[in-house]
Amino acid sequence: MTALSVLTIGGLLATSWALAGCAEMGAAQVANQVGAPATAEDHLAAALMYEKQAQQLELEALKFEEETARITTYEDPKGFRRSALRIAAQRCRKEISELNDLAAKHREKAEKL
């Protein structure tokens with residue numbers, strides 16, 4: 001395993017975890033907005049934010065999956081790199097699912113208001 005590939009895997013993992021952390025922080029900001037009740041526009045803004053973050057994570061997951069496909073058995077005989085990339089892609093997919101659920105909930109709340 002080359003130093004560049006280790007840095008690439010580490011950088012991609014850090015990016016996906018940072019995006020996941022941003023999703024949680026953004027939700028808290030929208031939910032705790034100056035003590036005022038959330039309006040339909042607030043819920044729509046939150047839904048759009050979650051959808052945008054889900055799209056970014058989708059790109060990250062695709063990068064992980066493409067990198068996994070490019071690694072040959074010769075380059076990674078024990079499969080450690082491929083396994084790490086698959087886990088990272090799965091983690092992104094889980095976050096995407098959660099973000100899509102949050103977006104749907106906010107859209108429903110916006111429609112009710």
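Small disclaimer: the values here were computed from a predicted structure and weren't measured. For every chain, the first residue of the written sequence is number 1, and numbering continues from 1 along that sequence. At least 70 in pLDDT is required for a residue's local features to be given in this predicted model, at least 80 for side-chain atom pairs to be given and counted, and no such filter applies to totals for whole chains, interfaces and linings, which use all residues. Water and hydrogen atoms were dropped before computing side-chain values, which therefore reflect all heavy atoms in the structure.

Engineer: For this particular structure, what's the right way to read the overall build of the protein?
Structural biologist: Looking only at helices and strands, one finds three helices and zero strands in the protein. Secondary structure elements follow DSSP: runs of H or I no shorter than four residues count as helices, runs of E no shorter than two count as strands, and numbering proceeds from the N terminus. Secondary structure elements of the protein occur, N-terminal to C-terminal, as α-α-α. To sort residues, take the accessible area from a 1.4 Å probe on protein chains only and compare it with the maximum for the residue type: under 20% means buried, over 50% means exposed, and anything in between is partly exposed. The 113 residues of the protein split such that 33% are buried. In what follows, residue pairs with any heavy atoms lying within 4.5 Å of each other are defined as contacts. Pairs at least 24 apart in sequence give 77% of the contacts found in the protein among residues at least 6 apart. Each accessible area is a Shrake-Rupley result for a 1.4 Å probe, and residues are judged covered by the shown protein chains and nothing else. Counting only carbon and sulfur atoms, one obtains 61% of the accessible surface of the protein, whose full area is about 7300 Å².

Engineer: Would you explain the confidence of the model for the protein in this entry?
Structural biologist: The predicted structure's coordinates, where accompanied by low pLDDT, should not be read in detail. pLDDT measures how confident the predictor is about each residue, on a scale from 0 to 100. Looking at the protein, pLDDT values average 80 and 68% of them are 70 or higher. Counting contacts from residues 20–25, a segment whose pLDDT is below 50, to residues more than four positions away or on other chains yields five contacts.

Engineer: Can you help me understand helix α3 (residues 80–112) in this one?
Structural biologist: Because an α-helix packs 3.6 residues into every turn, residues spaced three or four apart end up facing the same way. To estimate how far a helix should extend, the number of its residues minus one is multiplied by 1.5 Å. Its 33 residues give α3 an end-to-end C-alpha distance of 48 Å, which sits within 8% of 48 Å, the value for a rise of 1.5 Å per residue. All buried positions along α3 are accounted for by R81, R82, L85, A88, A89, C92, E95, I96, L99, A103, H106 and A110.

Engineer: Sorry, what's going on with the pattern of salt bridges here?
Structural biologist: A pair can form between side chains of opposite charge whenever their charged atoms are brought close. Throughout this description, the term salt bridge denotes a Lys or Arg side-chain nitrogen within 4 Å of a carboxyl oxygen of Asp or Glu. Scanning the model with the defined rule gives eight salt bridges in all. The salt bridge involving R93 is made with E65; its shortest N-O contact spans 3.0 Å. Residue R93 is located in helix α3, and its partner E65 is located in helix α2 (residues 40–70); the two are separated by 28 residues in the primary sequence. Among the ionic pairs, E67 bridges to R81, the shortest N-O distance being 3.8 Å. Here the residue E67 occupies a position in helix α2, and R81 occupies one in helix α3, the gap between them amounting to 14 residues. Judged on exposure class, the residue E67 and its partner R81 are both buried. Where salt bridges share partners, they join E58, E65 and R93 into one cluster.

Engineer: Before we go on, may I ask you to explain the environment of L62 in this structure?
Structural biologist: Within the secondary structure, L62 sits in helix α2. A C-alpha to C-alpha distance of 9.4 Å links L62 and C92, two positions 30 residues apart in sequence.

Engineer: I tried to follow the environment of R107 on my own but got confused; where do I start?
Structural biologist: Structurally, R107 can be placed in helix α3. Considering only alpha carbons, one finds R107 and L48, 59 residues apart in sequence, at a separation of 9.0 Å. Every residue in contact with R107, bar those within four places of it in the chain, is listed here: L44, A47, L48 and E51.

Engineer: What should I look at first to understand the packing of α2 against α3 in this one?
Structural biologist: Helices that pack against each other are described as a pair by the angle of their axes relative to one another and the distance between those axes. At a closest axis distance of 8 Å, the pairing of α2 and α3 adopts a crossing angle of 165°. In this view, α2 runs roughly antiparallel relative to α3, as classed from their interaxial angle. In this structure, the crossing between α2 and α3 has a hand that is left-handed. Partitioning the contact of α2 with α3 into residue classes produces 20 nonpolar, five polar and 12 charged. Axis lines are fitted to C-alpha atoms, over the contacting stretch for helices. Their N-to-C directions set the angle, which ranges from 0 to 180 degrees. Put simply, angles under 35 degrees are roughly parallel, angles over 145 are roughly antiparallel, angles from 65 to 115 are roughly perpendicular, and the rest are oblique. Each crossing gets its hand from how the near helix is turned against the far one by less than a right angle, where anticlockwise is left-handed and clockwise is right-handed. Amino acid classes used here: Ala, Val, Leu, Ile, Met, Phe, Trp, Tyr, Cys and Pro are nonpolar; Asp, Glu, Lys and Arg are charged; the rest, including Gly, are polar.

Engineer: Sorry if this is basic, but what is going on with the environment of A38 here?
Structural biologist: In this fold, A38 is placed in the loop between α1 (3–31) and α2. Sequence separation between A38 and A110 is 72 residues, and the spatial gap between their C-alpha atoms is 9.1 Å. Excluding anything up to four places from it in sequence, A38 contacts H43 and L113.

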